[in-house]
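Structural overview
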Amino acid sequence: MLNRCRLQAFRKKIELTSSQAVLVHNQENVFYLSGMRGLTDFDIVLLLTQDQEYILTNILYEEYLSKSKLDYQVCNNIFQDIKQLISANKIQKLWIEGQHLPFDSYQKLKANLEIEIATMGNLPKAIRMYKSPQEVEQIKSCLLYTSDAADEEDSVDLGGRRI
């Protein structure tokens, strides 16, 4: 399911305006924001506008996404569908994950879109590194559970200490 808090933080950091969109194609970042993960970049893509989320995928992931109860769009040509959504939303600037975008994919985007394309740099990774207090508590709980399991199995504590 889409994580609304993470999406809001992501939009706030990138300071999206109504004429901008973000293309998230790195599967680690897609998973962080949506809970969905493909095997390679562009298997599942998020296009985020100021107030809308579009999940684009190929037919191989249709069944996987159908179980998620998310709105998604199956694409024959993901680059053409991105172009249509960009046009429909009157987007003038597209932010991309430049460090993770293969050159041929960049060329396809550039050829299909007549708008400004800018890179976000390491912003998605930096946002993923931040953990909310709730996420920290979940991590602590998992560590305690793992530590207890190790204590029972081998009579040792992971890391030599309790959390």
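Residues numbered from 1 in each chain as written. Predicted model: local features only at pLDDT ≥ 70, side-chain atom pairs only at ≥ 80, totals over all residues. Heavy atoms only, no water.

1. Focus: the overall build of the protein
What counts is decided by this rule: Helix and strand assignments follow DSSP, with helices taken as H or I runs no shorter than four residues and strands as E runs no shorter than two, numbered in order from the N terminus. Relative accessible area decides the class of each residue, using a 1.4 Å probe on protein chains only: under 20% of the type maximum gives buried, over 50% gives exposed, and in between gives partly exposed. The accessible surface values rely on the Shrake-Rupley method and a 1.4 Å probe; as for residues, cover is taken only from the protein chains in view.
Tallying secondary structure elements over the protein gives 7 helices and 6 strands in all. Seen in sequence order, the protein has helices and strands lined up from the N terminus as α-β-α-β-β-α-β-α-β-α-β-α-α. Here the protein holds 163 residues, and the buried ones make up 42% of them. For the protein, the computed accessible surface area is about 10100 Å², with 51% contributed by carbon and sulfur atoms.

2. Examining unusual backbone geometry
Within the chain, K90 stands out as a residue other than glycine whose phi angle is a positive 55 degrees. By the element assignment, K90 lies in the loop between α4 (78-88) and β5 (93-96).

3. With respect to the packing of aromatic side chains
To keep it simple, the criterion reads: Each pair of aromatic rings taken from Phe, Tyr and Trp, with Trp reduced to its six-membered ring, is defined by centres within 6.5 Å and is described as stacked if the planes are under 30 degrees apart, edge-to-face if over 60, and tilted in the remaining cases. As a reminder, the over-ring test applies to NZ of lysine and CZ of arginine, requiring each to be within 6 Å of the ring centre and within 35 degrees of the ring normal.
Evaluated as defined, the whole model comprises 1 aromatic pair. We note R37 situated over the ring of F31; from NZ or CZ to the ring centre the distance is 4.1 Å.

4. A look at the sheet that holds strand β2 (residues 44-48)
Cut-off, in case you're wondering: A strand pair is defined by DSSP finding two or more bridges across the two strands.
Taking strand neighbours across the sheet as the criterion, the 6 strands line up as β4-β3-β2-β1-β5-β6 in an open arrangement whose pairing is mixed. Two strands close off the open sheet at either side, each with one partner strand: β4 (73-74) and β6 (116-119). Relative to strand β3 (residues 53-57), β2 is paired through 5 bridges, and the arrangement is antiparallel. Looking at β3, one finds that I44 is bridged to T57.

5. What to know about α4
We apply this condition: Relevant arc is that of directions from the helix axis to the C-beta atoms, nothing else. Residue contacts are defined here by distance: any two heavy atoms, one from each residue, within 4.5 Å place the two residues in contact. What qualifies as a polar contact is a pair of N or O atoms within 3.5 Å, subject to a donor-acceptor requirement within protein and to the restriction that residues adjacent in sequence count only when both atoms come from side chains.
Taken together, the buried positions of α4 are occupied by I78, F79, D81, I82, L85 and I86. The buried side chains of α4 occupy one side of the element, clustering within an arc of 160 degrees when seen end-on. Those residues of α4 that are exposed and aimed more than 90 degrees away from the buried face are Q84, S87 and A88. For α4, the elements touching its buried residues are β1 (20-24), β2, β3, β4, β5 and α5 (103-112). For α4, the capping residue at the N-terminal end is N77, with a side-chain oxygen 3.0 Å from the backbone nitrogen of F79.

6. A closer look at the side chain of K93
By secondary structure assignment, the location of K93 is in strand β5. The exposure class assigned to K93 is buried, which follows from its relative accessible area of 17%. Look past the residues within four positions of K93 in its chain and what remains in contact with it is S19, Q20, A21, I115, E116 and A118.

7. Topic: the side chain of T49
Mapping T49 onto the fold places it in the loop between β2 and β3. Excluding residues within four positions of it along the chain, T49 makes contact with R11, L16, Q20, A21, Y54, N89 and I91.

8. Quick word on the pairing of β2
Counting buried positions along β2 gives 5 out of 5 residues, so the element sits mostly inside the fold. Here β2 shows two buried faces, one formed by I44, L46 and L48 and the other by V45 and L47. Looking at chain direction, β1 and β2 are connected through 3 bridges and run antiparallel. Along β2, the bridge assignment pairs L23 with L47.

9. Examining the pattern of salt bridges
What counts is decided by this rule: The working definition used for a salt bridge is a side-chain nitrogen of Lys or Arg within 4 Å of a carboxyl oxygen of Asp or Glu.
Scanning the entire structure with this criterion turns up 4 salt bridges. K93 is paired through a salt bridge with E116; the nearest N and O atoms lie 3.8 Å apart. On the criterion of sequence distance, the pair formed by K93 in strand β5 and E116 in strand β6 is long-range, its members being 23 residues apart. Taking the relative accessible area as the measure of exposure, E116 reaches 45% and is therefore partly exposed.

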